[in-house]
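What follows is the residue order along each chain.
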Amino acid sequence: MILMGFEGNFYVGPVGLSTPNAVGMLLSESIREPKYGYEYSDVDATLRRHRGRKAHMKGLLDVEITFTLPNEKNDDGTRPADTALILESLRGRHTPITIIMLDEEGGEGLIGDFELFSGDKSEADDDVQAWEITARPSAAGRKVDWYPPDEDEE
């Protein structure tokens, strides 16, 4: 068994884009420490026929992405495009973004439209200012799916 760290790619773009190569998608080279949780809630499904033994079933799928975004600026005072897009979404109330998080280049992973929350700013890492950001699926956007989608699901 081989255990690997995250060596993949993290793409961000305007809502509705569906591939990493779509016009408008940006490879986010600014973010640090990306993590995601992909788990179903636990529903108690115990019935009388189980005779006092607890039974479970999977409930709703819960997806959450967390990452750190360093406060970077170019020499001319502008922000890198990926950083600017993420900060715009973080600050806007109705500004979800598409995130594609692949486990390796050309690999598989999460795709969907996300709302960005949190934005706690810290200076804990060698005096580098950074935002701690949490992304959760957007009610206004496309549902979170697995990329690439199974051919059977299309």
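All of the points below concern the structure found in this document. Because the structure is predicted, anything quoted here is derived from the model rather than measured.

Basis of the calculations
- Residues numbered from 1 in each chain as written.
- Predicted model: local features only at pLDDT ≥ 70, side-chain atom pairs only at ≥ 80, totals over all residues.
- Heavy atoms only, no water.
- Helix = DSSP H or I, 4+ residues; strand = E, 2+ residues; numbered from the N terminus.
- Buried < 20%, exposed > 50% of the residue type's maximum accessible area, 1.4 Å probe, protein only.
- Areas by Shrake-Rupley, 256 points an atom, 1.4 Å probe, with all protein chains shown as cover.
- Phe/Tyr/Trp six-rings, centres within 6.5 Å; stacked < 30°, edge-to-face > 60°.
- Lys NZ or Arg CZ within 6 Å of the ring centre and 35° of its normal.
- Salt bridge = Lys/Arg side-chain N within 4 Å of Asp/Glu carboxyl O.
- Core = buried A, V, L, I, M, F, W, Y, C linked by side-chain atoms within 4.5 Å.
- Contact = heavy atoms within 4.5 Å.
- Polar contact = N/O pair within 3.5 Å; in protein donor to acceptor, adjacent residues only side chain to side chain.

This part is about the overall build of the protein. For the protein, the helix and strand inventory stands at one helix and eight strands. Tracing the protein from N to C terminus, the helices and strands come up as β-β-β-β-α-β-β-β-β. A total of 154 residues make up the protein; the buried ones form 35% of that total. A total accessible area of about 10,300 Å² is found for the protein, and carbon and sulfur atoms account for 47% of it.

This part takes up the packing of aromatic side chains. Inspection of every chain in the model, using the stated rule, returns two aromatic pairs. In this arrangement the basic side chain of Arg136 is found over the ring face of Phe117, its NZ or CZ atom lying 5.6 Å from the centre.

Looking now at the pattern of salt bridges. Scanning all chains against the criterion turns up five salt bridges. With a shortest N-O distance of 3.0 Å, Glu64 and Arg136 are connected by a salt bridge. In this pair, Glu64 sits in strand E4 (residues 56-70) while Arg136 sits in strand E7 (residues 128-137), placing the two residues 72 residues apart along the sequence. A relative accessible area of 38% means that Arg136 is categorised as partly exposed.

All right, on to the nonpolar core then. Formed by 21 residues in total, the largest nonpolar core has its most connected members in Ile65, Ile86 and Ile99. For this core, the secondary-structure elements that each account for two or more residues are strand E1 (9-14), E4, helix H1 (81-91), strand E5 (97-102), strand E6 (109-125) and E7. Among all residues touching Ile86, those that are not within four sequence positions of it are Val12, Ser28, Ile31, Phe67, Leu69, Ile97, Leu116 and Ile133.

Along the polypeptide, Thr68 turns up in strand E4. Note on Thr68: relative accessible area 9%, which makes it buried. When near neighbours in sequence (up to four residues on either side) are disregarded, Thr68 contacts Ser30, Ile31, Arg32, Glu33, Ala130, Trp131 and Glu132.

This paragraph deals with the side chain of Asp113. Within the secondary structure layout, Asp113 lies in strand E6. The exposure class of Asp113 is buried, given its relative accessible area of 2%. In terms of polar contacts, Asp113 uses its side chain to reach the backbone amide nitrogen of Arg142, at 2.8 Å. Beyond its immediate chain neighbours, meaning those up to four positions away, Asp113 contacts Val15, Gly16, Ile97, Thr98, Arg136, Pro137, Ser138, Gly141 and Arg142.

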